[in-house]
Amino acid sequence: MLGAGLFAAGVLSFLDIHFFKTRLAERAALAGGLALILLAELVFASSDMSMRFLNGQRSDVLECRLDAETALPDERHKDSPVMQNRIVECMKGFGYEWTPNHARCKEAAVASNPFCYLPTRGFDRVVTELLMMLE
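A. Focus on the pattern of salt bridges. Applying the stated criterion across every chain yields a total of five salt bridges. In this structure, the salt-bridge partner of R65 is E69, at a minimum N-O distance of 3.1 Å. Within this pair, R65 and its partner E69 are both found in helix 3 (residues 54-71), separated by four residues, close to a single helical turn. For E69, a relative accessible area of 16% puts it in the buried group. Residue R86 pairs with D67 through a salt bridge whose shortest N-O separation is 3.9 Å.

See below:
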């Protein structure tokens, strides 16, 4: 609410309604309010309330792995490229791309490692990369 109040006070200064003594203070309120709003959105988006980021990615990998093991029961306990490809293709269907650049992916570059994928959508990708850095 503080961010929204500061942002509103900064915007109102453009309409000649002044809550601060100087123009610099008004611009600082506008920038600070916007920063607080964006920070609150980022915190909410990356919290446990949001299941479509790293936690959702883990869930999607498990679902793809189960699908592959169900469809290819003879390949289940092998290091099968057929099984790996099926999981990667399934993850593409969920909107992820294979990206083996993360350090935890390099430790085990297998299709069932959630750290080997990033979402293709921009905001999801940024938040997931941030969560992976903090992991």
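From this point on, the discussion continues.
B. Layout of the side chain of E26. Relative to the helices and strands, E26 resides in helix 2 (residues 23-45). Although E26 is buried, it forms no salt bridge, and the closest oppositely charged side chain is R27 at an N-O distance of 4.1 Å. When sequence neighbours within four positions are dropped, the list of residues in contact with E26 reads G10, S13, H18, F19 and F20.

C. Quick peek at the state of the cysteines. Applying the stated criterion to the full structure yields two disulfides. Here C64 is linked by a disulfide to C90, with a sulfur-sulfur distance of 2.1 Å. Because the torsion about its S-S bond is -75°, the bridge between C64 and C90 counts as left-handed. With a gap of 26 residues between them, C64 in helix 3 and C90 in helix 4 (residues 81-93) connect regions that are remote in the sequence. Covalently, C105 is tied to C116 through a disulfide, its sulfur atoms 1.9 Å apart. Judged by the sign of its S-S torsion, about 105°, the bond between C105 and C116 is right-handed. Placement of the pair is C105 in helix 5 (residues 103-107) and C116 in the loop between helix 5 and strand 2 (117-119), with a sequence separation of 11 residues. The exposure class of C105 is buried, given its relative accessible area of 0%. Accessibility expressed as a relative area gives 0% for C116, which makes it buried.

Conventions and cut-offs
Throughout this description, residue numbers start from 1 for each chain and increase along the sequence as written. A pLDDT threshold of at least 70 governs which residues receive local features in this predicted model, and a stricter bar of 80 or more applies before side-chain atom pairs are shown or counted, although totals over entire chains, interfaces and linings include all residues. In computing side-chain values, all of the structure's heavy atoms are included and hydrogens and water are not. Each salt bridge in this description consists of a side-chain nitrogen of Lys or Arg and a carboxyl oxygen of Asp or Glu lying within 4 Å of one another. Only DSSP runs of H or I with at least four residues qualify as helices, and only runs of E with at least two residues qualify as strands; both kinds are numbered from the N terminus onward. Burial status follows relative accessibility: with a 1.4 Å probe on protein chains alone, a residue under 20% of its type maximum counts as buried, one over 50% as exposed, and anything between as partly exposed. His is not counted here, nor are the chain ends, while Lys and Arg score as positive and Asp and Glu score as negative. A contact between two residues is defined here by any heavy atoms of the two lying within 4.5 Å. Note on terminology: disulfide denotes any pair of cysteine sulfur atoms within 2.5 Å.

In short, shape yes, function no, at least from these values alone.
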